[in-house]
Amino acid sequence: MDELTLEVTPYKRPEDEKFGAKPAERGRLRCVVVAPKHAARGNPWSWRGYYWDHEPQTEIELLKRGFHIAWIMDDADRHWDAWYAWLINRGLNSKPAFIGMSRGGINEFVWGTMHPDRVACMYADNPALRPEGFAGLTALARHDVPLLHVVGSYDFLLQKYTLPVEDIYHRLGGRISLMIKEGPPHHPHSLRDPRLIAGWMEANYNSGVDLDDSLYAKFPLLPATKFIKSYYYNYANKYIAIMPESTYATCRGPLFTDCYTRYDSYSPNWLGLTGMTILVPKQPAPGNPWVFKADRIGSGTEPVDLALLAKGYYIVATPVTEQPGPIAKQWDDIYLLLTSHGFSRKPVMEGRGAGGGEAYFWAINNPEKVSAIYAENPVLKSVQTRTSLADTLSPLANAHIPILHLCGSEDPWFPASTDQAQKKYKKLGGNMSVILKKGAGHFDVADDPTPIVTFILNNSQH
C-alpha cells in the first residue's frame, strides 16, 4: 500500500521470507491476505493486529474452517481504513474478527472502538490498550461485540489492562470471557491447541445485535417497545485443565457458563434510564412463567435468578425512575403489557430488603394476580403508603398466597418484618415459611438457591 495515495498493488515477496513478512521499501506498507482452500459461507476473515506469524496456530485453525486471514504492517490509522475498504470491496465479510497479541491489542481496540459496527468479535492475548480503547468499550458493548482475553497469570499487563477491561465490560452488560493461564508470564501467547479460541471466533462471527438507526434492539415478544440489549451471566471462576501446556486456567464468562439475554426498556413515558428490565431464559417454560422483581438487576451474581432462568422463568425488574421511587401505576402497566403478550397471568413476586416491601405492597393490592411471594431479608415498609404492611396481610391470606422469607438471624429487620409478620400471617390462616441462616446478617444469605427455586416451582400458577 502506498502510504500517501493508499493505492494497493501486487507485491512479490522475497523467497527468504518463508512464512514471515519483511518491511516494504520506504513509503509503502506490506499487506498480506491468506486464502483458505475453501472459503466459508459469507467469506469470514480474521484481522491480525500486529506481529505477523507470531504464534499463528489460531489463524491456521481458522483457515481450515474457511476463514481468510489478513494483516497490514502498520498501527491502526487511516491505512487500516483503506485496507479494510480494499478487502470488503473484493468480497470479504464487512465484519472481521480480530486477533491482538500484546501491541496488537492496542490496534484492535483502537480500530474496533472507532468502528464498532464493523467488528464481529475480538480475541486479545496479553493485550495492551490505550485510553481511547477504554473509552470506546461502551460502543463495543452497545454493538454486542463479544470479547475473549487469554492471558498469563504473571503477565505484566494483566492488572493494568485485561482485568479493568473485564470489569468495565461486564458492568456494561457486554459478553467478555477470560482465561488466565496458571504460571506463564507475557510469553508464550495463545494456546498450543487453538481449537477453543478458533471455535469461539467461529461461533461468535456475526453474532451482533440487530439494531435500528437509533441503536435500539427488538425483543420479539414485545415488538413495539424499544430496548437496549445486553447480557446477564455468572461471574464465578472455573478451574479448567489445559493439557498441552500441562497447567490449568482460571476461566469465567459466557464461553464457560450460561449466558442470558437482557433487555432494558427506554420509553418517553418514563424518566431517566432505568426502565423495565427483562432477563430471557434460553428455553421458556410452558405458560411463560415470570418473576416480578422489585429490585435492580445486577451483573449476574444472584444465584436464585440464575437458577430460575435455567428453569425457563423470565425475570422482570420493575422501573424506579422518578423521585418518589416505585410507582404502582408503572407496575400495573408492565403487568398488563406482559400478560397481554403471552406471559403468565400470575407471576411470582420477589424482593430484597426494601424491595421486599414494595413487592408486598403490589401483591396486597393485586392478590388475584400473584402466585407466590419470595422475599430476602425484607423490610415490610413501602414508600407508597404509611400503613405497616405487616398489618395489611389479609388480602394475601384470603387469596391463599404462599410466602417464603430467607433471612439472616442477625438481620436487624428480622424481628418485625419476618418473625412478627409470620405470626400475624399464620393467625390469618396464611402459609408463610422462613429459612433462617444462623449467624448471618443482611447480606449474602442466598448461598444455596435450591429450596427457594423448589418453592417457586411448586407454587407457580399460569
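Scroll up to find the structure this text is about.
An account of the accompanying structure is given in this report. (Residues numbered from 1 in each chain as written. Predicted model: local features only at pLDDT ≥ 70, side-chain atom pairs only at ≥ 80, totals over all residues. Heavy atoms only, no water.)

So, on to the overall build of the protein chain. Scanning the protein chain from N- to C-terminus turns up 13 helices and 19 strands. Projected onto the principal axes, the alpha-carbon positions of the protein chain cover approximately 90 × 45 × 35 Å. Within the protein chain, the fraction of its 462 residues that count as buried is 53%. Considering only residue pairs separated by 6 or more positions, the protein chain has 73% of its internal contacts joining residues 24 or more positions apart. With an accessible surface of roughly 20800 Å², the protein chain has 53% of that area assigned to carbon and sulfur atoms. Treating the 48 positive side-chain charges of the protein chain as one cloud and the 49 negative ones as another, the clouds have centres 3 Å apart. (Helix = DSSP H or I, 4+ residues; strand = E, 2+ residues; numbered from the N terminus. Buried < 20%, exposed > 50% of the residue type's maximum accessible area, 1.4 Å probe, protein only. Contact = heavy atoms within 4.5 Å. Areas by Shrake-Rupley, 256 points an atom, 1.4 Å probe, with all protein chains shown as cover. Lys, Arg positive; Asp, Glu negative; His and termini not counted. Charge placed at Lys NZ, Arg CZ, Asp CG, Glu CD.)

Take the nonpolar core next. Among the nonpolar cores identified, the biggest contains 61 residues, and Trp47, Tyr123 and Met201 are the most heavily contacted of them. In contact with Trp47, other than residues within four places in its own chain, are Ala70, Trp71, Ile72, Trp80, Trp83, Tyr84, Pro96, Ala97, Phe98, Ile99 and Trp111. By size, the runner-up hydrophobic cluster in this structure holds 39 residues, among which are Trp331, Ala359, Ile373 and Ile403. (Core = buried A, V, L, I, M, F, W, Y, C linked by side-chain atoms within 4.5 Å.)

Right, let's talk about unusual backbone geometry for a bit. Residue Pro188 is reached from His187 by a cis peptide bond, and omega for that bond is 0°. Looking at where Pro188 falls in the secondary structure, it is placed in the loop between β7 (176-181) and α7 (195-203). One non-glycine residue, Leu6, adopts positive backbone phi at about 70°. Leu6 gets classed as partly exposed once you look at its relative accessible area, which sits at 26%. One non-glycine residue, Asn43, lies in positive phi territory at about 50°. By secondary structure assignment, the location of Asn43 is in the loop between β1 (31-34) and β2 (45-48).

Turning next to the pattern of salt bridges. Counted under the stated rule, the structure contains 21 salt bridges. Of the charged contacts in the structure, one is a salt bridge between Glu376 and Arg352, with a shortest N-O distance of 3.3 Å. With Glu376 in strand β17 (residues 372-376) and Arg352 in strand β16 (residues 348-352), the pair connects residues that are 24 residues apart, well separated along the chain. Its relative accessible area of 7% is what places Glu376 among the buried residues. If you follow the salt bridges from partner to partner, you end up with Lys293, Glu302, Asp305, Glu350, Arg352 and Glu376 in one network. (Salt bridge = Lys/Arg side-chain N within 4 Å of Asp/Glu carboxyl O.)

Just distances and angles here, no functional claims.
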